[in-house]
Amino acid sequence: MESRTTISRMLARNLLNLQFKDLPSAAVEKATICIYDSLTSVLGGCDMPVSLAAIEVSKRMNGNSESSIWMDGGKTSLPDAAFANTALAHSLLQEDTHIISQSHPGSIVIPSVFTLGEKVGASGQDAIAAIVAGYEAMARVGRFMVTDEFNRRGFRPSGVFGTFGSCIVAARLLGLSEDQTCNAFGIAGNCSAGVMEFANAGTRDFPLHNAFAVRNGIMAAYMAKHGATGPQAIFEGKAGIGNAFSGTCAGLEGIGSIDRDALEIMEVYFKAYPACGFVQTTPKAALRIRNELKLKPEEIEGITVGIFTMGKIWPGTDFSGPFEEFTQAQMSNQFVLAAALVDGKITPATLHNRMDARYAEVAKKVKVEIDPDCDKNYPPKESVKLTVRTKDGKIYTIYEDDLFFPDKKFVVDRFVSYGKGLLKDETISALAEQIEHIERVKNIAEMTALLVRV
């Protein structure tokens, strides 16, 4: 095979050579928090209809009983288990986010690492290195491929870029060569998919974007391992994914480069609320109406949410109800503002109670518009300006420069909280202990064996 230096070859070479011993301690620490965060989404979303459907379908595939289905306790084939586990990890819409690539690496990379790692007997150090590489692949591809044209066409970043994150995880854990990994990337690029219409329709298919991406990325690596070939110029080729998704094959060279002192995983943030990444600052500001201004919903005449462009035009973000589906609530500025103002918090229970008339009453008072000051801050900041008009004629302005970035304690506490009632207390403690000291874990199957609900 011709070994010319394509983007996929540079990406493969750099990510295959990324070893645990060479990782900055901060990157290792960040990866452990990402594991907590991803498993929290599994726990919080395991009873969502799409999660239950993915588990049931995967069990009915009647594949080899080689890989665990999380929370269910059963086993099925590796591709089907990876599909189900990823659907769970993305079901709550509370997964970590990489702003520039507009994607959610944790919901793809973590299930890939743990599902395949269980099968091949990967160590904790193998897992951490694969996690960092997977985040890097997804974020590098997305960093250079997200364009106005990409968004205008309605593509969903996680589904499009996720196959590459899953693919490099599998390439590493299966021991693929550089040539084989280039072929795997070429095959994976043919499986990139996902569109945003779910946000307009309010349907619950978005977790399946990531589930298909993980299954396809793993399958691409297996195909390449057994001799299948894929296009070497999958990114920059005239008919490659750059042109197909972004409308250009120019300017993609940076995908293949990595900076070990500025790894992409360090750019990922954890969501405070189980909602779209573009509406995270709105409830933060809304809580100030409740906690600082001490205003009650019935005292408010109207609220204008001034926001950056993507927070206004992203499908589903400017929707005032009715919130008949989970997704409609999670994507909407109006809903997250209403829920924060009424309850002082947003949890999975909030989503189950989304038809509460109190939310609807507030939501219909909310108008969303693009604010020039907020717009020029994005990216990387997601600023919001609330203008609150009360029934007695007063006007208040609340400005939030950026969203709230949960720290490790916040993420770990939420993991423990969501685990209550689903896992035994001793199981939660055992999982936390293994995550904290994952570099000592000899076989991560020890960890996946604990993800069974009581």
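These figures come from a predicted structure and were not determined experimentally.

Reading the values: rules and limits
Residues numbered from 1 in each chain as written. Predicted model: local features only at pLDDT ≥ 70, side-chain atom pairs only at ≥ 80, totals over all residues. Heavy atoms only, no water. Axes fitted to C-alpha atoms, helices over the stretch in contact; angles between N-to-C directions. Helix = DSSP H or I, 4+ residues; strand = E, 2+ residues; numbered from the N terminus. Left-handed = near helix turned anticlockwise from the far one by under 90°. Contact = heavy atoms within 4.5 Å. Parallel < 35°, antiparallel > 145°, perpendicular 65-115°, else oblique. Nonpolar A, V, L, I, M, F, W, Y, C, P; charged D, E, K, R; others polar. Pairing = 2+ DSSP bridges. Core = buried A, V, L, I, M, F, W, Y, C linked by side-chain atoms within 4.5 Å. Buried < 20%, exposed > 50% of the residue type's maximum accessible area, 1.4 Å probe, protein only. Expected span 1.5 Å × (residues − 1). Arc of directions from axis to C-beta.

Focus on the packing of helix H8 (residues 157-173) against helix H11 (residues 206-225)
Here is step 1 of the chain: The N-to-C vectors of H8 and H11 enclose an angle of 40 degrees; their axes lie 7 Å apart at closest approach. Note that H8 runs across H11; the crossing there is right-handed. For the pair H8 and H11, contact is made by Ser158, Gly159, Gly162, Thr163, Ser166, Cys167, Ala170 and Ala171 and by His209, Asn210, Ala213, Val214, Asn216, Gly217, Ile218, Ala220 and Ala221, respectively.

Regarding the packing of helix H2 (residues 25-45) against helix H5 (residues 106-120)
Here is step 1 of the chain: For the pair H2 and H5, the least separation of the axes is 9 Å and the interaxial angle reads 95 degrees. Taken together, the axes of H2 and H5 are roughly perpendicular relative to one another. Listed contacts from H5 to Cys34, Ile35 and Ser38 of H2 are Gly106, Ile110, Pro111 and Phe114.
Here is step 2 of the chain: In terms of residue class, the contact of H2 with H5 is made up of five nonpolar, two polar and no charged.

Quick word on the sheet that holds strand S7 (residues 384-390)
Here is step 1 of the chain: Taking strand neighbours across the sheet as the criterion, the four strands line up as S6-S5-S7-S8 in an open arrangement whose pairing is mixed. Looking at strand neighbours, the two that pair on one side only are strand S6 (366-370) and strand S8 (395-400), the edges of this open sheet. Here the strands of the sheet are splayed against their neighbours by 20 degrees on average, with no regard to which way each runs.
Here is step 2 of the chain: Pairing of strand S5 (residues 300-307) with S6, which is carried by five bridges, proceeds in the parallel orientation. Bridge assignment links Thr304 to a residue of S6, and that residue is Lys367.

Considerations on unusual backbone geometry
Here is step 1 of the chain: Here the amide bond leading from Gly321 into Pro322 is cis, since omega sits at 5 degrees, within 30 degrees of zero.
Here is step 2 of the chain: With respect to the element layout, Pro322 can be found in the loop between helix H14 (309-313) and helix H15 (326-331).
Here is step 3 of the chain: Looking along the chain, the bond that leaves Tyr378 and enters Pro379 is cis, with omega of -15 degrees.
Here is step 4 of the chain: Considering the arrangement of structural elements, one finds Pro379 in the loop between helix H19 (372-377) and S7.
Here is step 5 of the chain: A positive phi is found at Gln102, a non-glycine position, where the angle reads about 55 degrees.
Here is step 6 of the chain: Residue placement: Gln102 occurs in the loop between strand S3 (97-98) and H5.

Regarding the nonpolar core
Here is step 1 of the chain: Phe114, Ile131 and Phe235 are the most contacted members of the largest nonpolar core, which totals 151 residues.
Here is step 2 of the chain: Ranked by residue count, the leading element in this core is helix H6 (residues 124-145), at 12 residues.

Focus on helix H21 (residues 425-436)
Here is step 1 of the chain: Here H21 contains 12 residues, and its C-alpha end-to-end distance of 17 Å stays within 8% of the 16 Å for a straight helix at 1.5 Å per residue.
Here is step 2 of the chain: Of the positions making up H21, those classed as buried are Thr427, Ile428, Leu431, Ala432, Gln434 and Ile435. Seen along its axis, H21 keeps its buried residues to an arc of 165 degrees; they face one direction.
Here is step 3 of the chain: Elements in contact with the buried residues of H21: H2, helix H20 (408-419) and helix H22 (445-448).

These values are about where atoms sit, not about what they do.
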